[in-house]
Amino acid sequence: MATRSPDLSPRNPDWWRQAVVYQVYPRSFADADGDGVGDLRGVTGRLDHLATLGVDALWLSPFYPSELADGGYDIADHRDVDPRLGTLEDFGALVAEAHRLGLKVVVDIVPNHTSHLHPWFQEALRSGPGSAARDRYVFRPGTGEHGELPPTDWQSVFGGSAWRRTADGDWYLHLFAPEQPDLNWANDEVRADFRTTLRFWSDRGVDGFRVDVAHGLAKDLAEPLRNTGDIGATGEESLPRVAPGGHPYWDRDEVHAIYRDWRTVLDGYSPPRTAVAEAWVPGARRVRYARPDELGQAFNFEYLEAAWDAGDLRELITVSLSGARDAGASATWVLSNHDVVRHASRLLLPPGTDAEAWLLSGGRTPALDTAAGLRRARAATLLMLALPGSAYLYQGEELGLPEVADLPAEALRDPVWEQTGRTRKGRDGCRVPLPWTATGPSYGFGPGPAWLPQPPSFASYAVETQTGADGSTLELYRTALRLRRKLLEGETLTWSAGSGADVLDFTRTPGWRCVTNLGEVPVPLPPGEVLLASGPCDGSGVLPPDTTVWLA
Ligand code: GLC
């Protein structure tokens, strides 16, 4: 069979359409200098893992100077490397080695806010109300008799008011942590500066960008600012309650002009630099970010949030594919990232379970059967990798890592924990450093202990433990990615008659059929050579529950 791996050569402007992209959360990937925090040299030293795995690209979460008020998404300089993670030279070496191995490099860009330590924000604080320096951010006088109340009722995504008062009485907006002041995208200097940042990294060989909070940049700053009280909620969950484009700060129509502008910058490179939007907005609106004259792709978070239900998934897959096609984009699929409960645990939570409450119980209520979670996760992965479009993997999912739900309170670093008055534990449980070896102070993550404690069970998930081990999750991913490259063709699928209440059954090409049993009892296995199965499929003619099979 001819190898049809996506053409990653510099000549192919469409390399990303069906690429598998592996997300590296640098602080938790590999620690070369032994300070307990992952770094760029650690990533470079482990790039062979990605090449062997068979992914096409890596996406690096922020590695920029940051005091880590929000895990690196609070950036003090968008065009440098955090000294704890390395230098610009180390970054150059990483890109060179990735390219040598045939891997593309995508970096995070965080345009909605800076760190409060960014020179611009420090200048704004010094310059006082009404200054040009303050206009780069969203400063407003307070309300109430003495300005002692916030300008509006807007709430931070991390909890509490989205406004903080400064020493001179003015308030500034922070949709996330108070250490992350929101930029004012109506300001020309802000727009120009991000064009410079896009060029800065593109000139250093970066192949694409992941755009953080892509749906938040444009705000309705018409005076007086509107309260969200009548909408009833202020997070993205409030979006379906307003007319499209009508929210004061999420998913406003003006945001698209920014990405059309960016596209002209990205298209100035050969091949054009790619971009993917992180936009937590309903599907029909989300694909607007992926239009060819904008970013090209947008993460399909509805897929990530979907229940393990054949009917729901079939509907979602069909709508996602047609939505992407109509927008002129390619579909994307994602099951895990650094913001959500790892899917080896999440997919087992009974529908309707509040993941926050589950984490707060230390993962005790309900108690999950990790073997069953892994079985389902493996089935979900083979299903995802058979879908047309591109797939985003999160570091550690190739090891089948579950969420570390019982991190002790004193270990937690996510600002969500304190900002919600310790009622939401936050996202540290999916950010625990990776196990590379079965032994060692941090299971091979680095020479000493890691910045978040790893449970003893990590030994059995280590790369070393799983390499070459029959039936291991790591070997399943490696085989699946190798096969996928061979089988890939076209960007469509055809549902087979076998699809039903508990079964998803489709054909990609005449030689590639994917069948998943999402039900509780075995179903008949369709005829055909078994190319790969996510669990035991021993030729007895049945497909067990929570199992996906690829058939020739
Ligand atoms: C995005 C990131 C998340 C971060 C937030 C604020 O949602 O994925 O980790 O906390 O933006 O930058």
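Residues numbered from 1 in each chain as written. Predicted model: local features only at pLDDT ≥ 70, side-chain atom pairs only at ≥ 80, totals over all residues. Heavy atoms only, no water.

Let's shift gears to the site of the ligand. Surveying the vicinity of the ligand reveals 14 residues, the closest of which are Asp-70, Asp-212, Glu-278, His-338 and Asp-339. One of the side-chain N or O atoms of Asp-70 is found 2.6 Å from an oxygen atom in the ligand. Asp-212 places a polar side-chain atom, nitrogen or oxygen, 2.8 Å from an oxygen atom of the ligand. For the ligand, whose unbound accessible area comes to 310 Å², protein coverage reaches 95%. (Near = heavy atom within 4 Å. Polar contact = N/O pair within 3.5 Å; in protein donor to acceptor, adjacent residues only side chain to side chain. Areas by Shrake-Rupley, 256 points an atom, 1.4 Å probe, with all protein chains shown as cover.)

Turning our eyes to something else, we now look at the pairing of strand S13 (residues 503-509). Most of S13 is tucked away: six of the seven residues are buried. The pairing of strand S12 (residues 494-495) with S13 spans two bridges and is classified as antiparallel. For Thr-494, the partnering residue across the bridge sits in S13 and is Thr-507. Sheet analysis places S13 next to strand S14 (residues 512-517), joined by six bridges and oriented antiparallel. Among the inter-strand pairings, Thr-509 is bridged to a residue of S14, identified as Trp-512. (Buried < 20%, exposed > 50% of the residue type's maximum accessible area, 1.4 Å probe, protein only. Helix = DSSP H or I, 4+ residues; strand = E, 2+ residues; numbered from the N terminus. Pairing = 2+ DSSP bridges.)

Moving on to the environment of Ser-457. Summarising the element assignment, Ser-457 is placed in the loop between helix H13 (415-419) and helix H14 (458-461). By relative accessible area, Ser-457 is classed as partly exposed at 38%. The spacing of Ser-457 and Leu-58 is 399 residues in sequence and 27 Å in space, taken between C-alpha atoms.

For helix H12 (residues 370-386), built from 17 residues, the straight-helix expectation of 24 Å at 1.5 Å per residue is met to within 8% by its first-to-last C-alpha distance of 24 Å. Burial within H12 is extensive, with 13 of its 17 residues counted as buried. Where H12 starts, the residue carrying a side-chain oxygen 3.0 Å from the main-chain nitrogen of Ala-371 turns out to be Asp-369. (Expected span 1.5 Å × (residues − 1).)

Right, let's get into the sheet that holds S12. Taken together, the five strands give an open sheet; going across it, the order is S12-S13-S14-S18-S16, and neighbouring strands pair in antiparallel fashion. With one partner strand each, in any of the chains shown, S12 and strand S16 (530-533) form the two edges of the open sheet. In this fold helix H9 (residues 310-327) packs onto S12 and S13, with an angle of close to 30° to the strand it touches most, S13. (Contact = heavy atoms within 4.5 Å. Axes fitted to C-alpha atoms, helices over the stretch in contact; angles between N-to-C directions.)

This brings us to the packing of helix H5 (residues 188-203) against helix H6 (residues 255-266). Between H5 and H6, the shortest axis-to-axis distance is 10 Å and the interhelical angle comes to 35°. In the packing of H5 onto H6, the handedness of the crossing is right-handed. Contact residues: Arg-191, Phe-194, Arg-195, Leu-198 and Arg-199 in H5; Ile-258, Asp-261, Trp-262, Val-265 and Leu-266 in H6. When the residues that make up the contact of H5 with H6 are grouped by side-chain class, the tally is six nonpolar, no polar and four charged. (Left-handed = near helix turned anticlockwise from the far one by under 90°. Nonpolar A, V, L, I, M, F, W, Y, C, P; charged D, E, K, R; others polar.)

This next bit is on the pairing of strand S2 (residues 57-60). Of the two faces of S2, the one carrying Ala-57 and Trp-59 and the one carrying Leu-58 and Leu-60 are both buried. In terms of strand pairing, strand S1 (residues 20-24) meets S2 through four bridges, oriented parallel. Residue pairing across strands places Val-21 opposite Ala-57, the latter belonging to S2. Note: S2 against strand S3 (residues 104-109), four bridges, orientation parallel. The residue of S3 that forms the bridge with Leu-58 is Val-105. On the question of chirality, the crossover connecting S2 to the parallel S3 by way of helix H3 (residues 88-100) is right-handed. (Right-handed = clockwise from strand over helix to strand, strands pointing away.)

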